[in-house]
Structure formats: C-alpha cells, structure tokens
Amino acid sequence: MEIAIQYAALAAFLIALVSFFFGNLLRKFLLLSKEREAEAKAALMINGAEKEAGAIKREAVIQAKDTVCEARLQFERELQQKREETANVAKKLLAREEGLERKLEAVGRSEKEISDREKRLVDKERTLDREGKRCEQLIQEHQARLEDLAGLSSAAAKNLLLVSLEEEARAEATKTIRAIEEQAREEADKKSKDILGLALQRYSGEIVSEKTVCVVTLPNDEMKGRIIGREGRNIRAIEAATGMDVIIDDTPEAIILSGFNPIRREIAKLSLERLISDGRIHPARIEEVVEKATKDMELVIKEVGEQAAFDVGIFGLHPELVILLGKLKYRMSYGQNCLAHSQEVAFMCGMMAAELGVSVKQAKRAGLLHDIGKAVDHEVEGSHAIIGADLARKYGESVKIVHAIAAHHEEEKPESIIAVLINAADTLSAARPGARREMYETYIKRVKELERLATSFKGVNKAYAIHAGREVRVIVEPNEISEGESILLARDMARKIESDLTYPGQVKITVIRETRAVEQAR
C-alpha cells in the first residue's frame, strides 16, 4: 500500500515536471512567435515609412524643379526687359551724344565767327580812334576859325544855341502834345462816351443819405419811464449792452438812438422794439434780448450778402466774403450806401466789359468786391483798397480780381482791362448827380484848397472852382505864359492836384489865356 502511494507520488512528480517543462517550452514558443510578429509589423511600418518618405521626397523635388523653372523664366523675362531698356537708353545716349557733337561743332563755328568778328571790331576801333582824333583836330581848327569870325567864345555860342534849341524843343513838344491829345480824344472820346453813356443809361441806382441816428416809436409816453427804469438802471443797461447813446427828450412817443456804428445802431433799434413789444424791461432781460438780436442780425447780414451776390449774378463766393458784403449795407461813404454802390459798380463793369469783349463774370465779381475792405477798415489799419485785396486773396479769389481791387484807387498801377473798368465804374458811381453828399464845411474847405493850389503856380492871375469842385478854371497872365506853356501848366496842375488833394471823382482843369487891347476914342 505504501509502495503504491510512493509510486503515485512519483508519478505525480514526474507529471508535474513534464508539465513544467512543456509549459516553459510553450511559453518560449509563444514569446518567439510574438517577437517575430512584432518584427514583421515593424518591418512593414518601416517599409511604409520609407515609401511615404520617398513619395514626399519626389514631390518636393518636383516642386523644387517647378520653382526653379519658374524663377528661371521670370529671371529671363526680367533680363530681357533690362536688356531692352538698356538698348533704349543706349540709343537715347547715342542720339544725345550725336546731338551734343553737332552742338559742339556749331559752338566751335560760332566761336570762330566771334573771334573773327572781334578781330574785325578791334581793327575798326583802331581805325575809328585815328579818324576820331583827326576829326577832333579838324573841329578844333574850325572852332578857332568860327570864334575869330563870329567874335564869340565857344561857351557863349553854346549857351546861345542851347537857349534857341530849348525854345524850339519846347514849342515842338507843345505842338506834339497837342496833336497827340487831339488825336487821342478823337479816337477815344466817341467810343468811351458810347460805352459810359450806355452803362449809365442802363443802370440807375437809388439815392441814399447818411444817418447817424434812428428813431424808435413808442406806444405811449409812459414807456419812456419804463425804459429809463428806477434810477436810470434800464437805460444804462441798454447803452452798455448796445454801445449806443439813448436820447430821451420832449419828442412825443419817440426816443432817439445815436451812434456811428450802423450795425450796432440797428441791433439797438431791434432790441428796443422787442423789449417794448414784450413789456418786460429790466437789466437781465435787456442783456438777453440784445444777445438774441445780435445773433439775428448776423443771420440778416448773411442773407443780405447772399441776396446781393445773387442779384448781381455772382456765385461761389467764400462765406466770409458774403458776410462782409452784408455788412456793407450798413456802411456809408459820403452819404452813399456802400453795398448799393458796389452793386452799381458791378453792373456798370459788366455792361462795359460786354461792350469791350472782356469777361463779364470777372468784371462783375471784381466790381462787387472792390469796396469789401470798407467792411473792416475801422478795425484794420490801411486803405480799404489794400485791405480788400488782402481779404480777397485770403479767401481764394483769383490774382486778377485781387489786383483789380487793389488798383481801383490807383494805389497800385492798373495792369489789366478789368482794373481800369473798376476804376472808371467806381468814379462814375460816385460822381453821378445825387450819389454822394458832403457836409457844407468839408465842401467849402475842399473848394478853397483847390483854388489855393491853382493860384500857387507862377503866372496864374485868378482861379475859380466851379461845378461843385469838379472843374477849375484858371486865368493866366498872357505876358508871362505863352500859348504852348499853358498846355504844360494844365498838365502840371493836374499832377499837383492828384498828389496833394483828396476828392471824389475827377477834376477838370481849364487854362484860359487871352490878350485884351483897350483904347478910347476921343
């Protein structure tokens, strides 16, 4: 029994040993198979990667070849273009070089000709010097003979000859001046009279008068007390806000506004009318109403300027020029409204320009803007013509318009037909009857200055200013002033008046020379 058990244990041991051995063999076989399988997969992966890398490499090579080919083609095209440009430049340089060679040849020929001429001139100068010396010698000999024959020295004969020549030259100059003036009058009078007459007939402007006061109507006399206010605070507030003098007198139902600034006077009148209509009159309300009236006045000025430009037919003006035009409505010159005067000048310039074949638009534009400087001449130093030209230049007007504005009072010399037309139209507008009004004292002073200047010339006996200072008639002594000298006297007198006096329009100088013989029969 024990032996059987031992055999069974030995058998179990052997079986276990064999199982362990075969298990190890099987495990090694499985590991070996897995290792081979992994190596096969790795080989497949390496093979696929190598194929993919080859494909990428081939594609990159192909792309590189395409890029190289394209770059080569581009380079060849650029190279060909550069070659063509170089060939063109070379052709131009060759042509220029040929032209320079021809010019050099011409310059060489010119230099040779100049050198030859210089030689000939030197020879002629030498010849002339010899002849001149010979002539001087002959002249001296003849002069000595003439002095012996005439019994006069050369200086005395020369003075006598100069006096004679001066008298002859003065007489000839007088005749020439008279002939030229008569010819100029004959040629210009008819045309100028036709043009000016046509312009004056086709336009007739209204007559205005200068004002420094305006009257505000009141509903009743009780309103005067409300305007004055307690202890005069309301009237002081009105004067401080508007800059005007408020005059309250015995005139029934009216007060007077006095001041030299017409725009401020209009603002004051508008403010007072609104205060009277509203009924609330106190310092705070006065300041509020004056400020509102000032803004409304700015709009009115702009509308007036736009309407003036529209009436004349001028468009495209700078907004600031339009505002300055509107301000001219409230500016007076010798009693003439500046805006009406500017429009009148614009219409006259347009008419005369049409007759002469000049640009009507430019003439009207220059005429409308010629006095634009008067809108600010109380704020800026200088003459209104120069101020206006600077304003026109600042706001983009053309050079021709700027020059016409600057030259309309001859502060600059007129260099265009439009400038001359502006000057003529400005004179016509100011000189027509009723256009301007002067104070009596100013008028008398101007007439006396005119007569005093005329009598300051030598040989003048009497001088009379007539036609409101538009003409001066000068009576000269016939023994001191000859007929030819009277013409020169009139010209000198005109130049003196232009340089020394200030006057509107033109002044005509008439010199009268007459000889009277009086005898009595007994």
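Not measured: the values here are computed from a predicted model.

Criteria and cut-off values
Residues numbered from 1 in each chain as written. Predicted model: local features only at pLDDT ≥ 70, side-chain atom pairs only at ≥ 80, totals over all residues. Heavy atoms only, no water. Helix = DSSP H or I, 4+ residues; strand = E, 2+ residues; numbered from the N terminus. Buried < 20%, exposed > 50% of the residue type's maximum accessible area, 1.4 Å probe, protein only. Contact = heavy atoms within 4.5 Å. Areas by Shrake-Rupley, 256 points an atom, 1.4 Å probe, with all protein chains shown as cover. Axes fitted to C-alpha atoms, helices over the stretch in contact; angles between N-to-C directions. Parallel < 35°, antiparallel > 145°, perpendicular 65-115°, else oblique. Left-handed = near helix turned anticlockwise from the far one by under 90°. Nonpolar A, V, L, I, M, F, W, Y, C, P; charged D, E, K, R; others polar. Salt bridge = Lys/Arg side-chain N within 4 Å of Asp/Glu carboxyl O. Pairing = 2+ DSSP bridges. Expected span 1.5 Å × (residues − 1). Patch = residues over 30% accessible without salt bridge, like charges linked within 9 Å, V, L, I, M, F, W, Y side chains within 5 Å. Lys, Arg positive; Asp, Glu negative; His and termini not counted. Charge placed at Lys NZ, Arg CZ, Asp CG, Glu CD. pLDDT = per-residue confidence, 0-100.

**Things to note about the overall build of the chain**
Inference 1: Regarding its fold elements, the chain presents 14 helices and 8 strands.
Inference 2: In the chain, buried positions account for 29% of the 522 residues.
Inference 3: Partitioning the intrachain contacts of the chain with sequence separation of at least 6 by distance along the chain shows that 61% fall at a separation of at least 24.
Inference 4: Element-wise, carbon and sulfur atoms account for 56% of the exposed surface of the chain, whose accessible area totals about 36000 Å².

**Digging into the packing of helix 5 (residues 262–278) against helix 6 (residues 283–312)**
Inference 1: Where helix 5 meets helix 6, the closest approach of the two axes is 9 Å, and the angle between their N-to-C directions is 125°. Taken together, the axes of helix 5 and helix 6 are oblique relative to one another. For the crossing formed where helix 5 meets helix 6, the hand is right-handed. Contacts from Ile263, Glu266, Ile267, Leu270, Ser271, Arg274, Leu275 and Asp278 of helix 5 reach helix 6 at Arg285, Ile286, Val289, Val290, Lys292, Ala293, Thr294, Asp296, Met297 and Ile301.

**Considerations on the packing of helix 9 (residues 360–369) against helix 11 (residues 399–406)**
Relative orientation and spacing of two packed helices are given, respectively, by the angle between their axes and the distance between those axes.
Inference 1: Interaxial distance between helix 9 and helix 11 falls to 9 Å at its minimum, and their mutual angle equals 45°. The orientation of helix 9 relative to helix 11 falls into the category oblique. Remark: the crossing between helix 9 and helix 11 carries right-handed chirality. Residue-level contacts link Gln362, Arg365, Ala366 and Leu369 of helix 9 to Lys400, Ile401, Ala404 and Ile405 of helix 11.
Inference 2: The class makeup of the residues in the contact of helix 9 with helix 11 is 5 nonpolar, 1 polar and 2 charged.

**Some remarks on the pattern of salt bridges**
Inference 1: A complete count under the given rule lists 13 salt bridges for this structure.
Inference 2: One salt bridge connects Arg285 with Glu288, and the closest N-O pair in it is separated by 3.3 Å. Pair noted here: Arg285 and Glu288 are both in helix 6, with a separation of 3 residues, about one helical turn.
Inference 3: Take Arg285: its relative accessible area is 16%, and that puts it in the buried class.
Inference 4: For Glu288, a relative accessible area of 49% translates into the label partly exposed.

**Considering the sheet that holds strand 3 (residues 254–258)**
Inference 1: Strand order in the open sheet made by the 3 strands is 1-3-2, with antiparallel pairing throughout. Two strands in the sheet have a free side with no partner beyond their single neighbour: strand 1 (213–217) and strand 2 (245–247). Neighbour-to-neighbour, the strand axes of the sheet open up by a mean angle of 25°, direction not taken into account.
Inference 2: In terms of strand pairing, strand 1 meets strand 3 through 5 bridges, oriented antiparallel. From the neighbouring strand, Thr217 faces strand 3, where its bridge partner is Ala254.

**Notes on helix 8 (residues 338–356)**
Inference 1: Here helix 8 spans 26 Å end to end across 19 residues, near enough to the 27 Å set by a 1.5 Å rise per residue.
Inference 2: The element helix 8 is largely enclosed, with a buried count of 14 among its 19 residues.
Inference 3: Immediately beyond the C-terminal end of helix 8, within one or two residues, lies Gly357, with a positive phi of roughly 80°.

**Overview of the sheet that holds strand 8 (residues 508–512)**
Hydrogen bonding along the main chain pairs the strands of a sheet, whether they run parallel or antiparallel.
Inference 1: Read from one edge of the open sheet, 3 strands run 6-7-8, paired in mixed fashion. Both outer strands of the open sheet, strand 6 (460–466) and strand 8, are each paired with one neighbouring strand and no more. Pairwise comparison of adjacent strand axes, ignoring direction, gives a mean angle of 20° for this sheet.
Inference 2: Strand direction decides the pairing type here: strand 6 and strand 7 (residues 471–476), joined by 6 bridges, are antiparallel. Within strand 7, the residue paired with Ile466 across the bridge is Glu471.
Inference 3: Along the sheet, helix 14 (residues 483–500) contacts strand 6, strand 7 and strand 8; its crossing angle with strand 8, the most-contacted strand, is approximately 150°.

**Comments concerning a nonpolar patch on the surface**
Inference 1: Residues Ile3, Tyr7, Leu10, Phe13, Leu14 and Leu17 make up a contiguous nonpolar surface patch of roughly 660 Å² in combined accessible area.
Inference 2: Along the chain, Ile3 falls in helix 1 (residues 2–150).
Inference 3: On the accessibility criterion, Ile3 (55% relative accessible area) is exposed.

**Regarding a negative patch on the surface**
Inference 1: A contiguous patch of negative charge, built from Glu97, Glu98, Glu101 and Glu105, is present on the exposed surface.
Inference 2: Positionally, Glu105 belongs in helix 1.
Inference 3: Classification of Glu105 by relative accessible area gives partly exposed; the value is 48%.

**Describing the confidence of the model for the chain**
Inference 1: When pLDDT is averaged across the chain, the result is 80; 87% of the residues are at 70 or more.
Inference 2: Between residues 204–210, whose pLDDT stays under 50, and residues either more than four places distant or in other chains, the model counts 14 contacts.

**Let's talk about the environment of Ile405**
Inference 1: Along the chain, the position of Ile405 falls in helix 11.
Inference 2: Take Ile405: its relative accessible area is 0%, and that puts it in the buried class.
Inference 3: Spatially, the C-alpha atom of Ile405 lies 5.9 Å from that of Ala385, the residues being 20 residues apart in sequence.
Inference 4: Not counting the four nearest positions on each side in its chain, Ile405 is found in contact with Ala366, Leu369, His370, Ala385, Gly388, Ala389 and Ala392.

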